[in-house]
2 protein chains.
Amino acid sequence: MHSTKMRLLEAGLGMLLEHGYNDLGIQDLLDRTGVPKGSFYHHFQSKEGFALEAVDLYMSRVHAQLDASFSAAERPPLLRVRDFFEHVREAYASEGYRGCLLGALGQELSGVNDVFREKIEGCLATVVSRIAVMLNEARQRGDLPWDTDPEAMANVLVDAWEGAALRSRLIGGPAPLNAILDFYFRVVTVG
Amino acid sequence: MHSTKMRLLEAGLGMLLEHGYNDLGIQDLLDRTGVPKGSFYHHFQSKEGFALEAVDLYMSRVHAQLDASFSAAERPPLLRVRDFFEHVREAYASEGYRGCLLGALGQELSGVNDVFREKIEGCLATVVSRIAVMLNEARQRGDLPWDTDPEAMANVLVDAWEGAALRSRLIGGPAPLNAILDFYFRVVTVG
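A quick note: this is a predicted structure, and the numbers were derived from the prediction, not measured.

Caption draft 1: Molecular detail of the nonpolar core. If you look at the biggest cluster of nonpolar residues, it comprises 136 residues, and the most contacted ones within it are Ile131 of chain A together with Ile131 of chain B. Not counting chain neighbours up to four residues away, the residues in contact with Ile131 of chain A comprise Phe70, Val81, Phe85, Ala154, Leu157 and Val158 of chain A.

As structure tokens, this is what we get:
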């Protein structure tokens, strides 16, 4: 990717997490990155197109973390799932607990913008699918009750995590994230 | 409350759920309600003041529902908690699954506005406290393990619910809400 484009997306990601979509000023982004307006509109058709590509960049990192956590074949699959969320929590910490971009844009925009609504739902659904693969592996090893529905349990985890991410954003700390992980992994195994 | 003020807040509540804060146009609100601008600024100092009072109106309904559900003394306390969330789910349904105003404004504004951040966190914390009272009653009856921390378990439930409310907003249906309730109430009792 062109380095100017990447610089805009990198800076935009952080600004979207802080400001949300409607409060994000393109001029502010240009000032922070030192990129001229013409260059922005060379790389992006619109603010919406820009934000959608920022979501893609965000998701490329999520999938890279899923790859890294889930490929640890020496770890039981349930621990690999927990590892993933603990890495995400560390990423939130490094950003000052601003929560999850998917939750932020999903909340702000899905009432008025079907492009974002479908985009964000699609992103969450792909994460759910990948987690469901791990939960199914756990089920086949006997780490989860045999009647566990991996897709349903993956949805519960992702949705609960999104709520905890909001709460961690409100209080500026990790306690809600840890509480959800502790609760989920303590009880999911006893079904 | 003055009827014009109530009409603005009622309409504003729905518009905030749909549009969020930054995308809500005061002129649009005035057009929909037929209220002149001068009257708006007679009742509210600013858009922010208006939205904060809309949150108060929202919370008055949440607390009325908590009162109604929790006062059913013939129901076991855990069922009263579940009743509350099922009523909230019905309210979401009647609004077309736009989710929760607290989650929406908390996500959108908490990165840039400490007044909203603290307001929304305060609202969630009061709901958590009321649920914790019920969970403690359940614990004392032996419906929850004795070592249950009612406040911690109430936080988990509210946070998971907020994530499910976001997801129900994304998909336009109740499945995530039901899944979280089924998971939580199935497993909370087995500790």
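Read on, since the account is not over.
Caption draft 2: Representation of the side chain of Thr33 of chain B in the model. Residue and element names in this part refer to chain B. Examined against the element boundaries, Thr33 turns out to sit in helix α2 (residues 26-33). Exposure remark for Thr33: the relative accessible area of 10% places this residue in the buried category. If we ignore the near neighbours within four places in the chain, the residues touching Thr33 are Arg7, Leu8 and Ala11.

Caption draft 3: Focus on the interface of chain A and chain B. Taken together, the contact pairs 41 residues of chain A with 41 residues of chain B. For the chain A and chain B pair, buried surface summed over both sides reaches about 3800 Å², with 60% attributable to carbon and sulfur atoms. A per-residue breakdown of the area chain A buries against chain B is headed by Gln107, Arg167 and Leu170 of chain A, which together make up 21% of the total. At the surface where chain A touches chain B, the tally comes to four salt bridges. At the boundary of chain A with chain B, the tally comes to 12 residue pairs in polar contact (both at pLDDT 80 or more). When residues in the side of chain A that touches chain B are grouped by element, the largest group, 13 residues, is from helix α8 (residues 150-171) of chain A. Class assignment of the residues belonging to the side of chain A that touches chain B gives a composition of 21 nonpolar, 10 polar and 10 charged.

Caption draft 4: Quick peek at helix α7 (residues 114-141) of chain B. All names here are of chain B. The end-to-end C-alpha distance of α7, which contains 28 residues, comes to 40 Å, matching closely the 40 Å that a straight helix rising 1.5 Å per residue would cover. Two or three places before Val115, at the opening of α7, Asn113 has a side-chain oxygen 2.9 Å from that residue's backbone nitrogen. Just downstream of α7, Gly142 is the residue with a positive phi angle, here 85 degrees.

How each quantity is defined
- In this convention, every chain numbers its residues from 1, walking through the sequence in written order.
- To label them, take the chains in the order written and letter them from A, then take the ligands in the order written and number them from 1.
- For this predicted model, a pLDDT threshold of at least 70 governs which residues receive local features, and a threshold of 80 or more governs which side-chain atom pairs are given and counted, while totals over whole chains, interfaces and linings are taken from all residues.
- Hydrogens and water molecules were not included; the side-chain quantities draw on all heavy atoms of the structure.
- Here, nonpolar core means buried Ala, Val, Leu, Ile, Met, Phe, Trp, Tyr and Cys residues that are tied together by side-chain atoms lying within 4.5 Å of each other.
- Any residue under 20% of the maximum accessible area for its type is buried, any over 50% is exposed, and the rest in between are partly exposed; the area is computed with a 1.4 Å probe on protein chains only.
- It only takes one pair of heavy atoms within 4.5 Å for two residues to be counted as in contact.
- Each helix is a run of DSSP H or I of at least 4 residues and each strand a run of E of at least 2, with the numbering of both proceeding from the N terminus.
- A simple way to read buried area is as the amount of 1.4 Å-probe accessible surface that goes missing from two parts once joined, with both sides added.
- A carboxyl oxygen of Asp or Glu within 4 Å of a side-chain nitrogen of Lys or Arg is what we treat as a salt bridge.
- Counting of polar contacts relies on pairs of N or O atoms within 3.5 Å, with two restrictions inside protein: one atom must be capable of donating a hydrogen and the other of accepting it, and residues adjacent in sequence are counted only when both atoms are side-chain atoms.
- Lys, Arg, Asp and Glu make up the charged group, whereas Ala, Val, Leu, Ile, Met, Phe, Trp, Tyr, Cys and Pro make up the nonpolar group; the residues left over, Gly among them, are polar.
- To estimate the expected span of a helix, subtract one from its residue number and multiply by 1.5 Å.

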